[in-house]
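# Observations on chain architecture
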Amino acid sequence: MGVAALDPRTDLFPNVKGWDALRDYDLEATTLWDFPAQSPGTTEFGDHRFNGVTPSPLVMNLVRRYTRTGDLVVDAMAGSGTALDVARALGRRALAFDLAPRRPDIVRNDARRLPLPDESVDLHFVDPPYSDNVRYSDDPACVGRLPCGEDAFLESLEAVARELHRTLKPGRVLGWLISDEYRRGRFTPVGFLTFEMLGKYFEPVDVISVARHHDRSGNPMWEHRARRYGFYLRGFKYLFIVRKPSTQVLEGRFE
Ligand SMILES: C[S@@+](CC[C@H](N)C(=O)[O-])C[C@H]1O[C@@H](n2cnc3c(N)ncnc32)[C@H](O)[C@@H]1O
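Reading the values: the criteria
What you see as residue numbers is a count from 1 along each chain, following the sequence as written. Per-residue local features are limited, in this predicted model, to residues with pLDDT of at least 70; the limit for side-chain atom pairs, both in listing and counting, is 80 or more; totals at the level of whole chains, interfaces and linings are taken over all residues. Derived side-chain values reflect all non-hydrogen atoms in the structure, with water molecules and hydrogen atoms excluded from consideration. We count a salt bridge whenever a side-chain nitrogen from Lys or Arg sits within 4 Å of a carboxyl oxygen from Asp or Glu. Under the DSSP-based scheme used, a helix requires at least four consecutive residues in state H or I and a strand at least two consecutive residues in state E, with every element numbered from the N terminus. Think of it in three bands: residues with accessible area under 20% of the maximum for their type are buried, residues over 50% are exposed, and the middle band is partly exposed, with areas taken using a 1.4 Å probe on protein chains only. Centres within 6.5 Å make a pair out of two Phe, Tyr or Trp rings, where for Trp the six-membered ring is used; the pair is then stacked when the planes are under 30 degrees apart, edge-to-face when over 60, and tilted otherwise. Polar contact is the term for a pair of N or O atoms within 3.5 Å; when the atoms are in protein, one must be able to donate a hydrogen and the other to accept it, and sequence-neighboring residues count only if both atoms are side-chain atoms. Residues are treated as being in contact if the distance between any of their heavy atoms lies within 4.5 Å. Each residue is tested against the molecule or strand, and it is near if at least one of its non-hydrogen atoms lies within 4 Å. Areas reported here follow the Shrake-Rupley algorithm with a probe of radius 1.4 Å; residue values treat only the protein chains shown as occluding. A cavity, in this analysis, means grid points on a 1 Å lattice covering only the protein atoms where a 1.4 Å probe fits yet has no way out; a pocket is instead an open set bounded by protein on both sides within 12 Å along at least five of seven lines, and a residue lines either one if it has an atom within 4 Å of a point. Criterion for pocket placement: a molecule counts as inside a cavity or pocket if more than half of its atoms are within 2 Å of its grid points. Residue classes follow a fixed rule: Ala, Val, Leu, Ile, Met, Phe, Trp, Tyr, Cys and Pro count as nonpolar, while Asp, Glu, Lys and Arg count as charged, and any other residue, Gly among them, counts as polar.

### So, the pattern of salt bridges
Applying the stated criterion to the full structure yields 19 salt bridges. Between Arg-103 and Asp-85 there is a salt bridge whose closest N-O contact spans 2.9 Å. Of this pair, Arg-103 sits in the loop between β3 (93–98) and β4 (107–108) while Asp-85 sits in helix α3 (residues 82–89), placing them 18 residues apart in sequence. Since its relative accessible area comes to 17%, Asp-85 is described here as buried. With a closest N to O distance of 2.8 Å, Glu-163 and Arg-166 form a salt bridge. Separated by three residues within a single helix, Glu-163 and Arg-166 lie in helix α4 (residues 151–167), roughly one turn from each other. Residue class for Arg-166 comes out partly exposed when judged on its relative accessible area of 25%. Salt bridges linked by common partners bring Asp-71, Asp-122, Lys-169 and Arg-172 together as one network.

Here is the structure:
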């Protein structure tokens, strides 16, 4: 089977015939990522109906770039389980936690205290709430109950960052997805604030801009209001790729 006969968006499994031929040409090569659908093809990773779901090709890019088969991938705020499904499909070990688990294979847990030993994780991915715009659960510990303009919001994110840092192996990578907020005339640069906070614990690898699609505000009524009242709808999220400092530098691709 030649490369032309393979669909890089659906042939995700490491044992697929022709994997060697595929190699890595379908990985994202620039800092602008725009995925047409939450999951490619007919296979579902996570639940595309879940409010705030992560695009699964985003996680695929991180897992394939920064881990090897058998490595441990952790999502401390797993939602519908996108990262768990992707990591397993790619032959990685995977653990998923959430305050409000929506599946039996997601463990109920607060991301600020992970039941994991120090330096045990090969890749952390996290897509936390970026304000109180979505009601994920009634649990008072839910970060999504805090407006991003309050100090307590960033303090909660920092407590998560400290725990991800504690459990990540030195030299390994954290992917952190987040958006800014514009609400009722006020812009809060949640992305910049988060990136600055992450810099206390991690070293930067890169910043990716991820196009947003299918959000509830992505409709003609909101577009009209944005033009009429002089504000902008969020068109992208930040994906911060950061590394836990290590004396031993891990070079190159892993896969
Ligand atoms: C944006 S969603 C994650 C989406 C997920 N990546 C997916 O693809 O479905 C954020 C999640 O963070 C969870 N969450 C909020 N506060 C939390 C906390 N303190 N500890 C663990 N999970 C938390 C929410 O319950 C919600 O499921």
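### Quick look at the packing of aromatic side chains
One pair of aromatic rings is described through two measures. These are the centre distance and the angle between the planes. Using the criterion set out here, one finds eight aromatic pairs in the structure. Ring plane angle 80 degrees and centroid distance 5.2 Å describe the contact between Phe-236 and Tyr-238, whose orientation is recorded as edge-to-face. Under the relative-accessibility criterion, Tyr-238 is labelled buried at 11%. Between the aromatic rings of Tyr-238 and Phe-240, the centroid separation amounts to 5.4 Å while the plane-to-plane angle is 20 degrees, which identifies the pairing as stacked. Residue classification places Phe-240 among the buried positions, given a relative accessible area of 2%. Joined through ring pairs, the aromatic side chains of Phe-192, Phe-195, Phe-236, Tyr-238 and Phe-240 make up one cluster.

### Concerning helix α6 (residues 220–229)
The backbone nitrogen of Met-221 lies 3.1 Å from a side-chain oxygen of the residue at the head of α6, namely Asn-219. Downstream of α6 by one or two residues, Gly-230 has phi in the positive range, about 75 degrees.

### Here's the deal with α3
For α3, a buried count of seven out of eight residues is recorded, marking the element as mostly surrounded by other parts of the structure. All of the buried residues along α3 are Thr-82, Ala-83, Leu-84, Asp-85, Val-86, Ala-87 and Ala-89. Elements in contact with the buried residues of α3: α2 (56–66), β2 (72–75), β3 and β5 (121–126). Backbone geometry just downstream of α3 places Gly-91 in the positive-phi region, at approximately 80 degrees.

### With respect to the site of the ligand
Around the ligand, the surrounding shell holds 24 residues, and the nearest of these are Thr-54, Ser-80, Thr-82, Asp-98 and Ala-111. One of the side-chain N or O atoms of Ser-80 is found 2.7 Å from an oxygen atom in the ligand. At a separation of 2.9 Å, a nitrogen atom of the ligand approaches a polar backbone atom of Ala-111. Here the ligand has 610 Å² of accessible area as a free molecule, and 99% of this is covered by the chains. Spatially, the ligand is embedded in the largest cavity. Taken together, the residues of the shell around the ligand sort by class into twelve nonpolar, seven polar and five charged.

### Looking at unusual backbone geometry
In this model, Glu-119 sits at a positive phi of 50 degrees, which is unusual for a non-glycine residue. Tracing the sequence through the fold places Glu-119 in the loop between β4 and β5. We classify Glu-119 as partly exposed; its relative accessible area is 41%. One non-glycine residue, Arg-184, lies in positive phi territory at about 45 degrees. Relative to the helices and strands, Arg-184 is located in the loop between β7 (181–183) and β8 (186–188).

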